[in-house]
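Residues per chain are reported as follows:
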Amino acid sequence: MKQFIAKRTVINIFVLFFVALVIYALMRALPTDYVERIARQKASLPGAKSYQEWLAQLGDAYGYNDNVFVGFFKWLGNVFQGNFGDSWQYNQPVIDKFKDVIWYSVVLGAITFVLEIAIAVPLGILSARKQYSKTDYAITVCALLGISLPTFYIATLLKYVFSVKLGWFDLYGIVGRDYEFLSGFGKFMDMTKHMILPILTLTLVSVGSLMRYTRTNMLEVLNSDYIRTARAKGVPENRVINHHAFRNTLIPLVTIVGGSLPGLFSGAMITEQLFQIPGIGYISYEAMVGGDIPFTMFYMTFMALLVLVGTLISDILYAVVDPRVRVN
């Protein structure tokens with residue numbers, strides 16, 4: 001196992017290197033030169049340097065005066081020193097801005113992931129056990145609705161019902177107007193209240209696909225020969241489902257667990273925009289729209305790293321949940 005992890009880590013480093021190179025090359029190939037735009041903005045300020053001086057300074061800082069490969073290795077050299085540059089959109093170091101907003105997305109993603117597993121897996125198993133029954137049809141319809149309806153529609157519907165009509169929650173934001181005047185516990189409850197609708201939106205959007213996936217895998221396992229043999233021997237149905245069938249259903253589900261890692265840290269871009277939550281998804285979108293190349297480079301490279309780590313975790317979990325699988 002240790003050799004496998006070491007080997008995959010080395011491979012992932014090479015993959016991440018080439019992914020970062022591709023991202024940098026794509027940023028350099030954008031049809032609009034954001035460096036020129038930033039240089040014009042800075043040159044228009046009172047007492048500022050000229051446009052040509054700003055253009056030369058910014059081009060040298062981000063390697064735009066060199067070719068793609070030289071510029072990329074300059075950027076990579078700064079990365080090894082922990083310097084991803086300053087965000088043009090937010091006027092502060094990229095790492096500092098990332099630290100300020102990442103935890104909003106982590107809380108949203110983690111709670112949604114726990115709710116998704118807690119709801120989708122039991123309902124998927126129940127649907128498989130009662131195949132073609134009214135329960136199965138009801139669960140299937142709910143799952144298909146969650147899969148089919150877009151995020152913005154569900155979020156808008158929830159806001160209309162619970163914010164506009166009932167007035168239980170604010171339409172947007174992470175804190176209320178009187179947040180600064182509340183006690184410590186009051187601030188926590190106020191922020192929790194503002195998280196309910198976004199978490200509910202993300203859960204409704206994501207639970208359907210996992211529910212269908214669990215049902216499909218459980219049906220395949222229940223039709224296996226060893227399940228029929230266990231039932232023929234008189235093994236109780238609950239033990240057949242929970243001990244024999246469910247353990248084998250976990251094998252494909254670990255792929256989702258590993259693949260969910262990027263989602264925990266990438267942020268829910270659409271949901272965060274609709275509810276104006278300053279998470280990493282919303283902040284990254286604003287940075288991309290504003291042409292913030294340093295922040296965009298960091299965010300996309302960070303996402304590529306999470307995908308590689310998630311894939312490695314999935315491979316390791318295969319061997320954990322299924323002793324028949326041996327990593328070599």
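Predicted, not measured: the structure shown is a model, and the values here were computed from it.

Asker: Explain the overall build of the protein to me, using residue names and the numbers behind them.
Answerer: For the protein, the helix and strand inventory stands at 14 helices and two strands. Projecting the C-alpha coordinates of the protein onto the three principal axes gives extents of approximately 85 × 55 × 40 Å. By the burial criterion, 40% of the 328 residues in the protein qualify as buried. Taking the contacts inside the protein whose residues are at least 6 apart along the sequence as the reference set, 71% of them involve residues at least 24 apart. Total accessible area on the protein is roughly 18300 Å²; 65% of this is exposed by carbon and sulfur atoms. Between the averaged position of the 28 positive side-chain charges in the protein and that of its 22 negative side-chain charges there is a distance of 11 Å.

Asker: So what's going on with the nonpolar core? Residues and values would help.
Answerer: With 33 residues, the main nonpolar core has Phe72, Trp75, Ile280, Phe295 and Met297 as its most contacted residues. Every element with two or more residues in this core is listed here: helix 1 (2–28), helix 2 (34–43), helix 3 (51–61), helix 4 (68–80), helix 5 (94–129), helix 13 (280–289) and helix 14 (293–321). It is helix 14 that contributes the most residues to this core, eight residues altogether. Apart from the residues within four sequence positions on either side, Met297 is in contact with Ala20, Ile23, Tyr24, Met27 and Trp75. Core analysis: the second largest hydrophobic core is formed by 19 residues, Val207, Val221, Ile227 and Ala230 among them.

Asker: Lay out the environment of Tyr90 in plain terms, naming residues and giving numbers.
Answerer: Tracing the sequence through the fold places Tyr90 in the loop between strand 1 (86–87) and strand 2 (92–93). Separated by 193 residues in sequence, Tyr90 and Ile283 have C-alpha atoms that sit 9.4 Å apart.

Asker: Please set out the packing of aromatic side chains residue by residue, giving values where relevant.
Answerer: In the structure shown here, the tally under the stated rule is 15 aromatic pairs. Seen in terms of ring centroids, Phe72 and Phe73 are 5.6 Å apart; in terms of plane orientation they differ by 70°. Their pairing is edge-to-face. The class for Phe72 is buried, based on a relative accessible area of 1%. Every member of this aromatic cluster is reached through a ring pair, and the members are Phe17, Phe18, Tyr24, Phe72, Phe73, Trp75, Phe84, Tyr90, Phe98, Phe295, Phe298 and Phe302. Seen from the ring of Tyr90, Lys97 lies directly overhead, with NZ or CZ sitting 4.5 Å from the centre. Just above the ring of Phe275 sits the side chain of Lys159; from NZ or CZ to the centre is 5.4 Å.

Asker: Summarise the packing of helix 5 against helix 6 (residues 134–148); cite the residues concerned and give the values.
Answerer: Two elements in contact, helix 5 and helix 6, have axes whose closest approach is 8 Å; the angle formed by their N-to-C orientations is 140°. Of the possible angle classes, the one that applies to helix 5 and helix 6 is oblique. In the packing of helix 5 onto helix 6, the handedness of the crossing is left-handed. Residue-level contacts link Leu123, Leu126 and Ser127 of helix 5 to Thr135, Asp136, Ile139 and Thr140 of helix 6. Considered class by class, the residues forming the contact of helix 5 with helix 6 number three nonpolar, three polar and one charged.

Asker: Just give me the short version of the environment of Phe73, but keep the residues and values in it.
Answerer: Note on placement: Phe73 falls in helix 4. Residues Phe73 and Asn242, spaced 169 residues apart in sequence, show a C-alpha to C-alpha distance of 53 Å.

Asker: Got a sec to walk through the pattern of salt bridges? Specific residues and values, please.
Answerer: Counted by the stated rule, this structure contains three salt bridges. The salt bridge partner of Arg231 is Glu237, with a shortest N-O separation of 2.8 Å. What makes Glu237 partly exposed here is its relative accessible area of 33%.

Asker: Tell me what's going on with helix 5, and back it up with residues and numbers.
Answerer: Under the 1.5 Å per step criterion, the end-to-end length of helix 5 is 50 Å for 36 residues, consistent within 8% with the ideal 52 Å. The largest bend in helix 5 amounts to roughly 35° and is located at Val101.

Asker: Mind laying out the packing of helix 5 against helix 8 (residues 184–222), listing which residues take part and the relevant values?
Answerer: Two elements in contact, helix 5 and helix 8, have axes whose closest approach is 5 Å; the angle formed by their N-to-C orientations is 35°. Two packed elements cross with a definite hand, and for helix 5 against helix 8 that hand is right-handed. Across the contact of helix 5 with helix 8, the residue classes tally to 23 nonpolar, six polar and two charged.

Asker: Lay out helix 7 (residues 151–165) with the relevant residues and their values.
Answerer: With 15 residues, helix 7 should cover 21 Å at 1.5 Å per step; its first-to-last C-alpha distance of 20 Å lies within 8% of that length. Lys159 marks the point of greatest bend in helix 7, at about 25°. Restricting attention to buried positions, one finds in helix 7 the residues Thr151, Ile154, Ala155, Leu158, Lys159 and Ser163. Where helix 7 is buried, its residues meet helix 8 and helix 12 (269–275). Of the residues trailing helix 7, Gly167 is marked for its positive phi of about 70°.

Asker: So, the side chain of Ser206: which residues are in play, and what are the values?
Answerer: Mapped onto the secondary structure, Ser206 falls in helix 8. Of the polar contacts made by the side chain of Ser206, one reaches the backbone oxygen of Leu202; its length is 2.8 Å. When near neighbours in sequence (up to four residues on either side) are disregarded, Ser206 contacts Thr112 and Glu116.

Conventions and cut-offs
- Residues numbered from 1 in each chain as written.
- Predicted model: local features only at pLDDT ≥ 70, side-chain atom pairs only at ≥ 80, totals over all residues.
- Heavy atoms only, no water.
- Helix = DSSP H or I, 4+ residues; strand = E, 2+ residues; numbered from the N terminus.
- Buried < 20%, exposed > 50% of the residue type's maximum accessible area, 1.4 Å probe, protein only.
- Contact = heavy atoms within 4.5 Å.
- Areas by Shrake-Rupley, 256 points an atom, 1.4 Å probe, with all protein chains shown as cover.
- Lys, Arg positive; Asp, Glu negative; His and termini not counted.
- Charge placed at Lys NZ, Arg CZ, Asp CG, Glu CD.
- Core = buried A, V, L, I, M, F, W, Y, C linked by side-chain atoms within 4.5 Å.
- Phe/Tyr/Trp six-rings, centres within 6.5 Å; stacked < 30°, edge-to-face > 60°.
- Lys NZ or Arg CZ within 6 Å of the ring centre and 35° of its normal.
- Axes fitted to C-alpha atoms, helices over the stretch in contact; angles between N-to-C directions.
- Parallel < 35°, antiparallel > 145°, perpendicular 65-115°, else oblique.
- Left-handed = near helix turned anticlockwise from the far one by under 90°.
- Nonpolar A, V, L, I, M, F, W, Y, C, P; charged D, E, K, R; others polar.
- Salt bridge = Lys/Arg side-chain N within 4 Å of Asp/Glu carboxyl O.
- Expected span 1.5 Å × (residues − 1).
- Bend = angle between axes of the 7 residues up to and from the residue.
- Polar contact = N/O pair within 3.5 Å; in protein donor to acceptor, adjacent residues only side chain to side chain.

Everything listed here is a matter of coordinates, which is why it stays silent on function.
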